[in-house]
2 protein chains.
Amino acid sequence: MNLVREALDGNRYAVARLISLVEDGDEASRSALTALYEHTGQAHLVGVTGPPGSGKSTLVNALTQTLRRQDVTVGIIAVDPTSPFTGGALLGDRVRMRDLAGDSGVFIRSMATRGSLGGLAQATNDVIKVLDAVGFDVILIETVGAGQSEVEIARTAHTTVVLEAPGMGDEVQALKAGLMEIADILVVNKADRPGAARTARALEMVINRNAPATKDGWAPPILQTVALDGSGVPELWNTVEEHREYLCTSGLLAKRERMRIETELLNILQRRLLERLVSRVGEERLEAWIERIVAREVDVYTATQALCETRSNGSVKG
Amino acid sequence: MNLVREALDGNRYAVARLISLVEDGDEASRSALTALYEHTGQAHLVGVTGPPGSGKSTLVNALTQTLRRQDVTVGIIAVDPTSPFTGGALLGDRVRMRDLAGDSGVFIRSMATRGSLGGLAQATNDVIKVLDAVGFDVILIETVGAGQSEVEIARTAHTTVVLEAPGMGDEVQALKAGLMEIADILVVNKADRPGAARTARALEMVINRNAPATKDGWAPPILQTVALDGSGVPELWNTVEEHREYLCTSGLLAKRERMRIETELLNILQRRLLERLVSRVGEERLEAWIERIVAREVDVYTATQALCETRSNGSVKG
């Protein structure tokens, strides 16, 4: 496929078109991903998440500038699965575009909900593969911290950075949002604001209280940054590199990679099997079963059993 | 099945044992659910969700007391899919137990994460069916407001009540958590605290700003309650009943019910198809495919295709 060849050769327009193709998720995208796949596995994937207002976009921006000074290339994927109410992704993007535009060592892509959440997670996985294959050294995956979707997408990353900001109420917002469990590194951003030390202490207390919960022998360090002026950002990057080093030497990198691939395979298999069943059974017969469940003539488990055994001519396997 | 018979006859111990069975989700539970299913579809399902600290448990408690005074029976399902860090569910339960213990018109069940989130949503669905079948008039489903999981579980409810509390920071927390879209009724709880009117106005602004987003012609009303002393709670219940009336006369109840059942069927089908495939292919061969993907010898889509076509003897369909 020419597009894949051109993207691998470093043509940015080909990369952009390839990503759009992959986002659509149709047959053409699958053969592109098949062709690309052997080139993946090189990039370091860093998840950046935290509650709204913690400054994720600004930190991703600052990290990118730090990395570019070291001549490291950076792919950025901003995932915003929430409603159009928030608009956060758009604003963040505009800021980023202004600061990073014209640098061929940076590639930025925003992804919003398309269809199901499972679909978004898979599309994100696939876009990561494209950026990885075409040679970006580091891929920053920014997700708004709002629950299960973030946890799912964060599992894709090798290193997950969870942000918190001071003065967001008495309690630790990241804790409320259930983000603490996925953190490899904790960051109190906007650390020039009053209450930063208190927020750091609160995070530390939570970590100490859950000492046995340290992630595979790695105790998540707590850093302070001011993303807006870049303070603490090089130190954050050093810590990310220490974490990567730890993952490699402990064998955890391989373990996480394997788990990630297993989860991805099982999710794709599930969807594919359902597609095949629906096309075998036919929409019409599926509808008829739904109507029967609605009418309480049959329950969902009995219907499932019958549908699994239906042949394409409508008869049931004997 | 005796247990089903006894539960339908109103034996509370049988109901409790049946729920435990259903939570386990094995074969025995499926035949129990099949036997129960024709008795379902009577209860009004009310979801209660909101950010941590908005007073969900207390409101569920107060609603229950209001309903019991009208001789309406109430099943309560408290779903806490977050980490053991929070502990909210336990505390809430203790309060409830004290106030509601010994009333045979109330049944309380807490559910925590077991395995996957999809598993929790399905287990919640199944427990709802048990409580519905054995005759509880109203089922209150309390979920901690933390994202996609809540949205998924809230879809099960006929009427979804989203709570907010004043003084939880400058912005509307429910909005941050992405809960506004699923609200049929908005409640500012702890309305005796300073800032309640401001919070109500903030919610109203959000609703007005999104006027086209009114849910199927129903504009979510905003109420104020003090769940701790019961103020506003009977009014809240009246509004829930108005919403149910609206759902019935507009035909939306049937439409939502159908969508709910379709989603449930497709989810169960997916999982069942995957189980069947894994048992046909065998764990060992599945592992081998995962290793090949890890080694970049093959990509996940190619592996999916091959696995779908594998016969139980390992050969590929021609």
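Note that the structure is predicted; figures quoted are calculated from it, not measured.

Observations regarding the overall build of chain A
Line of reasoning, step 1. Helices and strands together make up the secondary structure of chain A, namely 13 helices and 7 strands.
Line of reasoning, step 2. Counting over 318 residues, chain A shows a buried share of 55%.
Line of reasoning, step 3. Of the contacts formed within chain A by residues at least 6 apart in sequence, a portion of 76% connects residues at least 24 apart.
Line of reasoning, step 4. Just so you have it, chain A exposes about 13600 Å², and 51% of that area is on carbon and sulfur atoms.

Here's the deal with helix α3 (residues 27-37) of chain A
Line of reasoning, step 1. Restricting attention to buried positions, one finds in α3(A) the residues A:Ser29, A:Ala32, A:Leu33, A:Leu36 and A:Tyr37. Burial along α3(A) is one-sided: seen end-on, the buried residues are contained in an arc of 130°.

Focus on the pairing of strand β4 (residues 138-144) of chain B
All names here are of chain B.
Line of reasoning, step 1. Extensive coverage of β4 is indicated by the burial of 7 of its 7 residues.
Line of reasoning, step 2. As paired elements, strand β1 (residues 44-50) and β4 share 7 bridges and run parallel to each other. Among the inter-strand pairings, His44 is bridged to a residue of β4, identified as Val138.

Focus on the environment of A:Asn267
Line of reasoning, step 1. On the secondary structure map, A:Asn267 appears in helix α11 (residues 252-281).
Line of reasoning, step 2. Distance from A:Asn267 to A:Gly119, taken between C-alpha atoms, is 9.8 Å for residues 148 residues apart in sequence.

Thoughts on the packing of helix α12 (residues 283-294) of chain A against helix α13 (residues 300-308) of chain A
Residue and element names in this part refer to chain A.
Line of reasoning, step 1. Two elements in contact, α12 and α13, have axes whose closest approach is 10 Å; the angle formed by their N-to-C orientations is 160°. Comparing the axis directions of α12 and α13 gives the class roughly antiparallel. The hand of the α12/α13 crossing is right-handed. Contact residues: α12 offers Leu286, Trp289 and Ile293, while α13 offers Val300, Ala303, Ala306 and Leu307.
Line of reasoning, step 2. Taken together, the residues of the contact of α12 with α13 break down into 7 nonpolar, no polar and no charged.

Some thoughts on the packing of helix α4 (residues 56-69) of chain A against helix α10 (residues 233-250) of chain A
All names here are of chain A.
Line of reasoning, step 1. Between α4 and α10, whose axes approach to 9 Å, the crossing angle comes to 80°. On the basis of the axis angle, α4 is roughly perpendicular to α10. Residue-level contacts link Leu59, Ala62, Leu63, Thr66 and Leu67 of α4 to Val233, Pro234, Leu236 and Trp237 of α10.

Topic: the environment of A:Arg256
Line of reasoning, step 1. When you line up the elements, A:Arg256 lands in helix α11.
Line of reasoning, step 2. Considering only alpha carbons, one finds A:Arg256 and A:Ala154, 102 residues apart in sequence, at a separation of 12 Å.

Here's the deal with the domain arrangement of chain A
Residue and element names in this part refer to chain A.
Line of reasoning, step 1. Each domain of chain A was delimited in the assignment, giving domain 1 (39-250) and domain 2 (251-318).
Line of reasoning, step 2. Between domain 1 and domain 2, the contact holds 20 residues from the first and 11 residues from the second.
Line of reasoning, step 3. Around 1200 Å² of area is buried between domain 1 and domain 2 when both sides are counted, 49% of it from carbon and sulfur atoms.
Line of reasoning, step 4. When the buried surface of domain 1 facing domain 2 is broken down by residue, Gln122, Asp216 and Leu247 rank first, second and third, together holding 37% of it.
Line of reasoning, step 5. Put simply, domain 1 and domain 2 have 2 salt bridges between them.
Line of reasoning, step 6. A salt bridge links Glu264 to Lys129; the nearest nitrogen and oxygen atoms lie 2.6 Å apart.
Line of reasoning, step 7. Viewed at the interface, domain 2 and domain 1 are joined by 10 residue pairs in polar contact (both at pLDDT 80 or more).
Line of reasoning, step 8. Contributions of two or more residues to the side of domain 1 that touches domain 2 are made by α6 (117-133) and α10.

Let's talk about the pattern of salt bridges
One side chain can pair with another of opposite charge once the charged atoms of both are near each other.
Line of reasoning, step 1. Inspection of the entire model under this criterion finds 30 salt bridges over all chains.
Line of reasoning, step 2. The closest approach of N and O atoms between A:Glu309 and B:Arg276, which form a salt bridge, is 3.5 Å. Of this pair, A:Glu309 sits in the segment after α13 while B:Arg276 sits in helix α11 (residues 252-281), which puts the two residues in different chains.
Line of reasoning, step 3. Exposure remark for A:Glu309: the relative accessible area of 25% places this residue in the partly exposed category.
Line of reasoning, step 4. The network of salt bridges with common partners includes A:Arg258, A:Glu262, B:Glu287 and B:Glu291.

Some details on the nonpolar core
Line of reasoning, step 1. Formed by 106 residues in total, the largest nonpolar core has its most connected members in A:Val130, A:Leu131, A:Leu265, B:Val130, B:Leu131, B:Ile139 and B:Leu265.
Line of reasoning, step 2. Setting aside residues up to four positions removed in sequence, A:Leu131 forms contacts with A:Val15, A:Ile19, A:Gly75, A:Ile77, A:Phe107, A:Phe136 and A:Ile139.

Comments concerning the side chain of A:Arg256
Line of reasoning, step 1. Looking at A:Arg256, the relative accessible area reads 18%, which means it is buried.
Line of reasoning, step 2. For A:Arg256, the side chain forms a polar contact with the main-chain oxygen of A:His158, separated by 2.8 Å.

With respect to the side chain of A:Ser54
Residues and elements named next belong to chain A.
Line of reasoning, step 1. Counting through the fold element by element, Ser54 comes out in the loop between β1 (44-50) and α4.
Line of reasoning, step 2. Classification of Ser54 as buried rests on a relative accessible area of 0%.
Line of reasoning, step 3. In contact with Ser54, not counting residues within four places along its chain, are Leu163, Glu164, Ala165, Asn189 and Lys190.

Some thoughts on the pairing of strand β5 (residues 159-164) of chain B
Residue and element names in this part refer to chain B.
Line of reasoning, step 1. Summarising burial for β5: 6 of the 6 residues are buried, a large majority.
Line of reasoning, step 2. Neither face of β5 is left uncovered, since the one carrying Thr159, Val161 and Leu163 and the one carrying Thr160, Val162 and Glu164 both have all their residues buried.
Line of reasoning, step 3. Strand direction decides the pairing type here: β1 and β5, joined by 4 bridges, are parallel. Residue pairing for β5: Val46 is matched across the bridge by Thr159.
Line of reasoning, step 4. Where β5 meets strand β6 (residues 185-188), 4 bridges bridge the pair, whose relative direction is parallel.

What about the environment of A:Asp71?
All names here are of chain A.
Line of reasoning, step 1. Secondary-structure assignment places Asp71 in the loop between α4 and β2 (74-80).
Line of reasoning, step 2. The class for Asp71 is exposed, based on a relative accessible area of 60%.
Line of reasoning, step 3. Taking the C-alpha atoms as reference, Asp71 lies 19 Å from Glu242; in sequence the two are 171 residues apart.

So, α4(A)
All names here are of chain A.
Line of reasoning, step 1. Over its 14 residues, α4 extends 20 Å from the first C-alpha to the last, a length consistent with the 20 Å expected when each residue adds 1.5 Å.
Line of reasoning, step 2. Of all 14 residues in α4, 10 are buried, a share of seventy percent or more.
Line of reasoning, step 3. Listed in full, the buried residues belonging to α4 are Lys56, Ser57, Leu59, Val60, Asn61, Ala62, Leu63, Thr64, Thr66 and Leu67.
Line of reasoning, step 4. Note on α4: the residue one or two positions beyond its end, Asp71, has a positive phi of about 65°.

A closer look at the confidence of the model for chain A
All names here are of chain A.
Line of reasoning, step 1. Within chain A, residue pLDDT values average 84, and 82% of them lie at 70 or more.
Line of reasoning, step 2. Ranking the elements of chain A by mean pLDDT puts helix α5 (residues 88-100) last with 53 and α10 first with 96.
Line of reasoning, step 3. In this model, residues 83-92 is a region of pLDDT below 50 whose contacts with residues beyond four sequence positions or in other chains number 10 contacts.
Line of reasoning, step 4. For this predicted complex, the interface score ipTM comes out at 0.85, while the overall pTM is 0.81.

Rules of the game
- Counting of residues starts from 1 at the beginning of each chain's written sequence and follows it residue by residue.
- Chain A is the first chain written and ligand 1 is the first ligand written, with later ones labelled in order.
- Owing to the predicted nature of the model, reporting of local features is limited to residues with pLDDT of at least 70; listing and counting of side-chain atom pairs is limited to 80 or more, with chain, interface and lining totals taken over all residues.
- The side-chain numbers reported here are obtained from all heavy atoms of the structure, hydrogens and water having been left aside.
- In this text, helices come from DSSP runs of H or I with a minimum length of four residues, and strands from runs of E with a minimum of two, each type numbered from the N-terminal end.
- Relative accessibility thresholds used throughout: buried, under 20% of the residue-type maximum; exposed, over 50%; partly exposed, between the two (1.4 Å probe, protein chains only).
- By definition, residues are in contact when any of their heavy atoms lie within 4.5 Å.
- Throughout, the Shrake-Rupley method with a 1.4 Å probe supplies accessible areas, and for residues the shown protein chains are the sole cover considered.
- Throughout, the arc means that of the directions going from the helix axis to the C-beta atoms.
- Any two strands with at least two DSSP bridges between them are considered paired.
- In this analysis an axis means a line fitted to C-alpha atoms, helices contributing only their contacting stretch, and an angle means the value between N-to-C directions, from 0 to 180 degrees.
- Orientation categories follow fixed angle ranges, with anything under 35 degrees roughly parallel, anything over 145 roughly antiparallel, 65 to 115 roughly perpendicular, and all other angles oblique.
- Left-handed describes a crossing whose near helix is turned anticlockwise from the far helix by less than a right angle; the clockwise case is right-handed.
- Each residue is assigned to one of three groups, with Ala, Val, Leu, Ile, Met, Phe, Trp, Tyr, Cys and Pro labelled nonpolar, Asp, Glu, Lys and Arg labelled charged, and all others, Gly among them, labelled polar.
- For the domain bounds, the source is a domain assignment made automatically or taken from a database.
- Buried area: the sum, over both parts, of the accessible surface (1.4 Å probe) that disappears when the two are put together.
- Note on definitions: salt bridges are taken to be side-chain nitrogens of Lys or Arg within 4 Å of carboxyl oxygens of Asp or Glu.
- Pairs of N or O atoms within 3.5 Å make up the polar contacts considered here, provided that, within protein, one atom can donate a hydrogen while the other can accept it, and that residues adjacent in sequence are counted only when both atoms are side-chain atoms.
- To form a nonpolar core, buried Ala, Val, Leu, Ile, Met, Phe, Trp, Tyr and Cys residues must be joined to one another through side-chain atoms within 4.5 Å.
- By this rule the span expected of a helix is its residue count minus one, scaled by 1.5 Å.
- Note on scores: pLDDT gives the predictor's confidence for each residue, bounded by 0 and 100.

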